[in-house]
Each structure stands twice: as C-alpha cells, then as structure tokens.
Amino acid sequence: MKIERNPREVHAPVAAYTHQIEVGPGGRWLVLSGQIGMRVDGSVPDSAVEQIAVALENVRHNLSAAGMSVADLVKVTVYLVGEVDNEGRRAAFAEFFGSHSPCMTLMYVSGLASPAFRVEIDAMAWSGDGDKERR
C-alpha cells in the first residue's frame, strides 16, 4: 500500500511533489546513493540543466536495475551548486516525473565531490502490492 497525501492544513505543494507518502508492509525499499550528472563514458556536461537530465537518467537506470520505475519513487533530494536555470530545471523534472509526484527536497549547496559537478540527486523507492491511494 502506498498513500499520497497533501493535508488541507498545509499549503498546496508549490511544484510537482507530494507532502507525504505513507508506505505499508509487504513491499521492498530501494535506497539510491547520490547520482551525479556523469555519463557512463565519464563525461560531465557543463550545463547544470544537462547535468540534471543525466543524473535523472542515472536514477532511472538504477531503478530499472532493481525492477522498479519512476512511479516507485517516494523521496527525492536534489542538491544544486550555483545558479541554475529554473525553467530548464522544472522542465527536466516535469519530463522525468510525468504525472508522478514523489516527496522532494531541493537544496542549494556550496559544493559537491568535484567542482565539475553541479547537481546530485539521491532517492528512495518503494515497490509493493501495487495499491496506491491519493488523499
């Protein structure tokens, strides 16, 4: 069981996320380490928005390797360094998530593991009996 909630007593989400997701027993968790905007060949795009797209694809590949999909994501944390084109960032997330709205936190940080990295995304996914409610 997976229940998404946006309580009436809390402001409406200001982007494509859900305030809370409750998961029940009978499922399995997948915890992803921070995924950076590095391609499989080791290259890193200069643009933060391109790095976001690559990091999100790395999240997708990790999910797939575990037999999960974007719809199984329940918590995503995004770390950004420096100025990022907000419209481009929002478009990249909208394309990746589609109609799915996991819980999400976005933080601006002073740096990551290398000065070349401008984005890192970690996530938690849960796959269960297929039941999903929205409240």
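Described below are features of the structure shown in this document. (Residues numbered from 1 in each chain as written. Predicted model: local features only at pLDDT ≥ 70, side-chain atom pairs only at ≥ 80, totals over all residues. Heavy atoms only, no water.)

### Observations regarding the packing of aromatic side chains
Put simply, the rule reads: For Phe, Tyr and Trp, rings pair up if their centres lie within 6.5 Å, where Trp contributes its six-membered ring, and each pair is then called stacked (planes under 30 degrees apart), edge-to-face (over 60) or tilted (otherwise). The buried label goes to any residue with under 20% of its type's maximum accessible area, the exposed label to any with over 50%, and the partly exposed label to all in between, with areas taken from a 1.4 Å probe on protein chains only.
In this structure the tally under the stated criterion is 2 aromatic pairs. Ring centres of Phe 96 and Phe 97 lie 5.0 Å apart, and the angle between their planes is 80°; this geometry places the pair in the edge-to-face category. Taking relative accessible area as the criterion, Phe 96 reaches 6% and is therefore assigned buried. For Phe 97, a relative accessible area of 5% corresponds to the buried category. Ring pairing ties together the aromatic residues Phe 93, Phe 96 and Phe 97, which thus form one cluster.

### Things to note about the pattern of salt bridges
Our working rule: Salt bridge, as used here: a side-chain nitrogen of Lys or Arg that lies within 4 Å of a carboxyl oxygen of Asp or Glu. Only DSSP runs of H or I reaching four residues or more are called helices, and only runs of E reaching two or more are called strands; each is numbered from the N terminus.
Applying the stated criterion to the full structure yields 2 salt bridges. Residue Glu 57 is joined to Arg 60 by a salt bridge in which the shortest nitrogen-to-oxygen separation is 3.1 Å. Highlighted residues: Glu 57 and Arg 60, both in helix 1 (residues 48-65), separated by 3 residues, approximately one helical turn. We classify Arg 60 as partly exposed; its relative accessible area is 32%.

### Describing the nonpolar core
Note the following rule: The nonpolar core is taken to be a set of buried Ala, Val, Leu, Ile, Met, Phe, Trp, Tyr and Cys residues, with the residues joined through side-chain atoms within 4.5 Å.
Membership of the largest hydrophobic core comes to 23 residues, with the highest contact counts inside it found for Ile 52, Leu 63, Leu 73 and Ile 121. Element by element, the count of residues in this core is highest for helix 1, at 6 residues.

### Things to note about the sheet that holds strand 6 (residues 119-127)
To keep it simple, the criterion reads: A strand pair is defined by DSSP finding two or more bridges across the two strands. In this description, a line fitted to the C-alpha atoms serves as the axis of each element, helices being fitted only across the stretch in contact, and the angle between N-to-C directions of two axes falls anywhere from 0 to 180 degrees. Any two residues whose heavy atoms approach within 4.5 Å at even a single point are treated as in contact.
Across the sheet, which stays open at both edges, the 4 strands sit in the order 3-6-4-5 with mixed pairing between neighbours. Each edge of the sheet is formed by a strand with only one pairing partner; in this case those strands are strand 3 (28-36) and strand 5 (103-109). Strand-to-strand twist of the sheet, defined as the mean angle between neighbouring strand axes without regard to direction, takes the value 10°. The sheet contact formed by strand 3 and strand 6 spans 7 bridges and is antiparallel. For Arg 28, the partnering residue across the bridge sits in strand 6 and is Ser 127. Across the sheet, helix 1 lies against strand 3, strand 4 (73-81) and strand 6, angled at about 150° from strand 3, the strand it touches most. Each of strand 4, strand 5 and strand 6 touches helix 2 (residues 86-97); the most contacted strand, strand 4, lies at about 155° to it.

By themselves, these figures tell us nothing about what the structure is for.
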